[in-house]
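# Reading the structure
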Amino acid sequence: MSIRIAVGQGSCGIAAGAAKVFAALEQQLAGSAVSLGTVGCIGMCWLEPIVDLYEDNRLAARLVRICPDDAARIAEAARTGDLSGIAGLTISAEDSRFLEQQTRIALRNCGIIDPNSLESARAAGGYAALEAVLTGKGMTPEEVIACIKVSGLAGRGGAGFPTWFKWNAARQSPGDEKYLICNADEGDPGAFMDRAVIESDPHTLIEGMLIGAYAIGAKEAVVYVRAEYPLAIRRLSHAIDEAKAAGLIGQHILGTDFSCEFRIKAGAGAFVCGEETALIESLEGQRGMPRLKPPFPAAAGYWQKPSNINNVETFANVAWIIQHGGEAFAAMGTEGSKGTKVFALTGKIQRSGLVEIPMGMTLREVIFGIGGGVRDGRQFKAVQLGGPSGGCVPAELLDTVIDYKELSATGAIMGSGGMVVMDDTTCMVSMAKFFLDFTAKESCGKCVHCRIGTKRMQEILDRIVSGDGKPEDLDLLEELCLAVRDGALCGLGQTAPNPVLTALRYFRPEFEAHTAVEKRCPAHACAALLQYEIDAEKCRGCTACARKCPVGAIAGNVRQPHTIDKNQCIRCGACFAACRFDAVSRL
Amino acid sequence: MENQSARAKSDLSLLAPVLAEYAPQKGSLITILQHAQDIYGYLPADVLFHIAEQTGTTPAKVMGVATFYTQFRFQPVGKYLIQLCDGTACHVNGSAQIAEAIRQHLHIENGGTTADGLFSLNIVACLGCCSLSPVMTVNDDSYGALTPEKAVAILDGLRAKEAAV
Ligand SMILES: Cc1cc2nc3c(=O)[nH]c(=O)nc-3n(C[C@H](O)[C@H](O)[C@H](O)COP(=O)(O)O)c2cc1C
Ligand code: FES
């Protein structure tokens, strides 16, 4: 029996301390026969750092929330094969269900293989699909495109456009010089699916891209990775080097006539560069401002040549589809949405991490079934899908199934996979403002509707959360939303109103409370709208609040009830936090 | 005209290998700027002029590209660059309170640097560690599940480390 230890070292694992755990294990295992390795992210981020023990390649124990002090015990167990000493560190049956309820295709190797090893990727079936396409009986580019068409794979970057259609258009475009581009800009805050795939299983991305390049007839492939992902860039460039050395990238791949070179381009921080034509501008070294479409990239993209752009997750499905057949992929999901989708489940959720599920599951199944529901025993309020281009879905729509059409009908979108859960302490007005602050800042300024429209909307929302809103502001806001949606040049501006429109649609009373004469924030989140009062019955006169008040607005003698001068009060909430007798109330 | 003395500070020879490799490749301006920032820590004016000259474009074009992207800085930063996330997940989990604590503790605003040159604060949108939100990075290290107290303790730890050397 041989035992192998694998430490999950994606960015989130490392942020939780996995590198220190690894170092401690390395020290403890010095001179022993136990092998120690790195894997990527299994997606159970709330349990990081995670250490897996494999016995003859079978997972024998998954240890969670490990700290360097546990290393000695783990090393001892691995050396002796007696796992009883580490039973207390093992994942609970409850938490294990997080993975058991998923169907992993794009994430199939994540957290299982060593992302820094081509050998490890190949042992897990890596590049078998590429071999099937290029060698032996092989597949023609048309056959590859037909297989993807049968699978029903749609773009996972947000828009959900059929992948085969784009590939076919790029293939049909005249010209020898074509480009295949991978969009790894992942700008939607709260989403990290693409980062996890690249950090955990870069060869699956490379293989999917090679098959795509073969299908469209591209000799050059470029991955545009956002600058905030240094580890992903390091692992991907290592993987490209290894694949090149093995004859999987470069000239005459696998000894055939197919040649394709790979390049990584690091982004420089601009959300709009996730939009495909802006991304192309940025690849060309320009300001990342979107182009008017048409012409579409399939006709005139990178350097005005036919180009095809897909998201990381889209490519990560390709090799699986080739190997298992388009029908197998299409067998999962709903009528209009096939296969699986990866979501980054975050916010006020019990189990925060990455989930991949077949289309057709309901939001409730994902958030409550897999994610364990809302944290700290609070009430679910809404889930935000699709980030700044998406919208929020309220509790009464939790049974909506995950399907492009069904989600769009709620006013939100499938998006790239960000799923941020909000509880009753989240103010939907201030969330709408949060997204508008983001889009107004990220607007590239090329078109008037987006540049000025988002600014004006932001001002209105600013006014509302600061207590200066008027009831008629809501209609004005809605009108502006529609104008920006219809008038903006690119997807950024066209979708920027979505978070506001959905919030208005499902939480209008909350907006009205902010703009009514009394000006209230029902979630008690907008500081400017809060009022503090001391309940004379409950106040013991301990003076804790008066001592904490930064502006001396609280008066009262020791052991006498205190009072707050509302005119002096700056609504900082220090008294509310300081009171141990629950005597300060927040209205 | 540009102040000549202000333009002649940086050691431009450091950039020569980067320009030799990338200047002949079309579309490499952003890559060149990224390397330049790695070398100098920020993009000094004289370096920007030099890049324009060497790549055969105008300073306006170089400046236009550099100012479009948030990664590029035009002022030196402190020894420790704090990037505090205010992406959606971090925002929902209270990043505003962390920002306030750091601002008060270091007496700097977003984008500012402490008087001793030790810390700079940048509030960014999403570091990709959303499941550990709220998150910040200090240079190459990430810290998750922050509270205002924890964030301040991390900065104090770094300051103490500096004082010890
Ligand atoms: C403002 C904006 C930001 C976008 N950001 C991303 C992104 O970060 N990642 C991505 O894959 N697609 C993004 N997209 C979608 C791309 O324009 C494009 O549709 C996608 O990369 C195509 O790949 P797919 O067909 O595989 O989804 C964005 C679109 C817009 C309008
Ligand atoms: S939202 Fe903060 S790391 Fe993603």
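Criteria and thresholds
Residues numbered from 1 in each chain as written. Chains lettered and ligands numbered in written order. Predicted model: local features only at pLDDT ≥ 70, side-chain atom pairs only at ≥ 80, totals over all residues. Heavy atoms only, no water. Helix = DSSP H or I, 4+ residues; strand = E, 2+ residues; numbered from the N terminus. Buried < 20%, exposed > 50% of the residue type's maximum accessible area, 1.4 Å probe, protein only. Contact = heavy atoms within 4.5 Å. Lys, Arg positive; Asp, Glu negative; His and termini not counted. Charge placed at Lys NZ, Arg CZ, Asp CG, Glu CD. Pairing = 2+ DSSP bridges. Axes fitted to C-alpha atoms, helices over the stretch in contact; angles between N-to-C directions. Domains from an automatic or database assignment. Salt bridge = Lys/Arg side-chain N within 4 Å of Asp/Glu carboxyl O. Core = buried A, V, L, I, M, F, W, Y, C linked by side-chain atoms within 4.5 Å. Buried area = accessible area lost by both parts, 1.4 Å probe. Polar contact = N/O pair within 3.5 Å; in protein donor to acceptor, adjacent residues only side chain to side chain. Nonpolar A, V, L, I, M, F, W, Y, C, P; charged D, E, K, R; others polar. Phe/Tyr/Trp six-rings, centres within 6.5 Å; stacked < 30°, edge-to-face > 60°. Near = heavy atom within 4 Å. Areas by Shrake-Rupley, 256 points an atom, 1.4 Å probe, with all protein chains shown as cover.

### Looking at the overall build of chain A
When its secondary structure is counted, chain A shows 23 helices and 17 strands. Viewed in the frame of its principal axes, chain A has a C-alpha envelope of about 90 × 65 × 40 Å. Within chain A, the proportion of its 587 residues that are buried is 58%. Across chain A, every contact between residues at least 6 apart in sequence was considered, and the portion connecting residues at least 24 apart equals 69%. In chain A, the 60 positive side-chain charges and the 67 negative ones have mean positions that sit 4 Å from each other.

### A word on the pairing of strand β10 (residues 353-358) of chain A
The side chains of a regular strand alternate between the sheet's two faces. Among the six residues in β10 of chain A, six count as buried, and that is most of the element. Hairpin connection from strand β9 (residues 340-347) of chain A to β10 of chain A: five residues lie between these consecutive antiparallel strands.

### Topic: the sheet that holds strand β1 (residues 3-8) of chain A
All names here are of chain A. Read from one edge to the other, the open sheet built from four strands follows the order β2-β1-β3-β4, with strand pairing classed as mixed. In the strand order of this sheet, the two ends are held by β2 (35-39) and β4 (58-63), each with one partner. This sheet shows a mean twist of 25 degrees between the axes of neighbouring strands, independent of strand direction. Examined bridge by bridge, strand β3 (residues 51-55) and β4 share five bridges and lie antiparallel to one another. Bridge assignment links Leu-53 to a residue of β4, and that residue is Ala-61.

### Topic: the domain arrangement of chain B
On domain assignment, one finds that chain B holds domain 1 (4-68) and domain 2 (80-164). If you average the C-alpha positions of domain 1 of chain B and of domain 2 of chain B, the two centres end up 30 Å apart.

### Description of unusual backbone geometry
Residues and elements named next belong to chain A. Residue Pro-294 is reached from Lys-293 by a cis peptide bond, and omega for that bond is -10 degrees. Residue placement: Pro-294 occurs in the loop between α12 (276-283) and β8 (307-311). The peptide bond linking Pro-294 to Pro-295 adopts the cis configuration, its omega dihedral lying at 0 degrees. Counting through the fold element by element, Pro-295 comes out in the loop between α12 and β8. Its identity as a non-glycine residue notwithstanding, Lys-519 has a phi of 50 degrees, on the positive side. As for its position among the elements, Lys-519 is in the loop between α21 (498-515) and β14 (532-534). For Lys-519, a relative accessible area of 19% corresponds to the buried category.

### Examining the pattern of salt bridges
Residues and elements named next belong to chain A. Inspection of the entire model under this criterion finds 33 salt bridges over all chains. As a salt-bridge pair, Arg-291 and Glu-281 come within 2.6 Å of each other at their nearest N and O atoms. Placement of the pair is Arg-291 in the loop between α12 and β8 and Glu-281 in helix α12, with a sequence separation of 10 residues. Accessibility classification places Arg-291 together with Glu-281 in one group, the buried group.

### Observations regarding the nonpolar core
Trp-167, Ile-206, Met-209, Leu-210 and Phe-262 of chain A are the most contacted members of the largest nonpolar core, which totals 79 residues. Considering each element in turn, this core owes the most residues, nine residues, to helix α10 (residues 202-216) of chain A. If we skip the residues at most four places from it in the chain, Phe-262 of chain A touches Ile-206, Met-209, Leu-210, Ala-221, Ile-240 and Ile-249 of chain A. With 43 residues, the next largest nonpolar core counts Tyr-224, Ala-278 and Leu-492 of chain A together with Leu-43 of chain B among its residues.

### Side note on the domain arrangement of chain A
Residues and elements named next belong to chain A. When the domains of chain A are assigned, the result is domain 1 (3-100), domain 2 (118-329), domain 3 (340-423), domain 4 (428-515) and domain 5 (530-586). At the interface, seven residues of domain 1 touch seven residues of domain 3. Broken down residue by residue, the surface that domain 1 buries against domain 3 is led by Gly-43, Trp-46 and Phe-98, which jointly contribute 70%. At the surface where domain 1 touches domain 3, the tally comes to two salt bridges. A salt bridge links Glu-94 to Arg-351; its shortest N-O distance comes to 3.1 Å. The interface formed by domain 1 and domain 3 contains five residue pairs in polar contact (both at pLDDT 80 or more). Of the residues that constitute the side of domain 1 that touches domain 3, the class distribution is four nonpolar, one polar and two charged.

### As for the side chain of Glu-207 of chain A
All names here are of chain A. Inspection of the secondary structure puts Glu-207 in helix α10. An unpaired buried charge is present at Glu-207: no salt bridge exists, and Arg-108, the closest side chain of opposite charge, is 5.0 Å distant. Among the polar contacts made by the side chain of Glu-207, one reaches the main-chain amide nitrogen of Leu-130 at a distance of 3.0 Å. Excluding its chain neighbours within four sequence positions, the residues that come into contact with Glu-207 are Gly-126, Tyr-127, Ala-128, Ala-129, Leu-130 and Ala-319.

### Brief notes about the packing of aromatic side chains
Aromatic ring pairs: the centre-centre distance and the angle between the two ring planes describe each pair. Tallied over the entire structure, the rule returns 14 aromatic pairs over all chains. Plain terms: the ring middles of Tyr-214 of chain A and Phe-258 of chain A are 5.5 Å apart, the flat faces sit at 80 degrees to each other, and that makes the pair edge-to-face. Of this pair, Tyr-214 of chain A sits in helix α10 while Phe-258 of chain A sits in the loop between α11 (230-245) and β7 (261-266), and the two are 44 residues apart along the sequence. Among the residues examined, Phe-258 of chain A registers a relative accessible area of 10% and is labelled buried. On the numbers, 5.0 Å between centres and 75 degrees between planes, the contact of Phe-68 of chain B with Tyr-69 of chain B is edge-to-face. Of the residues examined, Phe-68 of chain B reaches a relative accessible area of 14% and is grouped as buried. Members of the aromatic cluster, joined through ring pairs, are Phe-161, Trp-164 and Phe-165 of chain A.

### Details of the site of ligand 1
All names here are of chain A. If you check the shell around ligand 1, you find 18 residues, and the closest are Gly-157, Lys-166, Asn-310, Asn-311 and Thr-314. Separating an oxygen atom of ligand 1 from a backbone N or O atom of Gly-187 is a distance of 3.1 Å. Summarising the interface, the protein chains cover 89% of the accessible area of ligand 1, which totals 600 Å² for the free molecule. Of all the secondary structure elements, the ones that give two or more residues to the shell around ligand 1 are β8 and α20 (491-495). Residue composition of the shell around ligand 1, grouped by class: three nonpolar, nine polar and six charged.

### Observations concerning the sheet that holds strand β6 (residues 220-225) of chain A
Two orientations exist for strands paired in a sheet by backbone hydrogen bonds: parallel and antiparallel. All names here are of chain A. The sheet built from four strands is open, its strands ordered β7-β6-β5-β8 with parallel pairing. On the outer flanks of this sheet lie β7 and β8, each paired with one strand and no other. Each adjacent strand pair in this sheet contributes to an overall mean axis angle of 20 degrees, direction not counted. Relative to β8, strand β5 (residues 179-184) runs parallel, the two sharing five bridges. Among the inter-strand pairings, Cys-182 is bridged to a residue of β8, identified as Asn-310.

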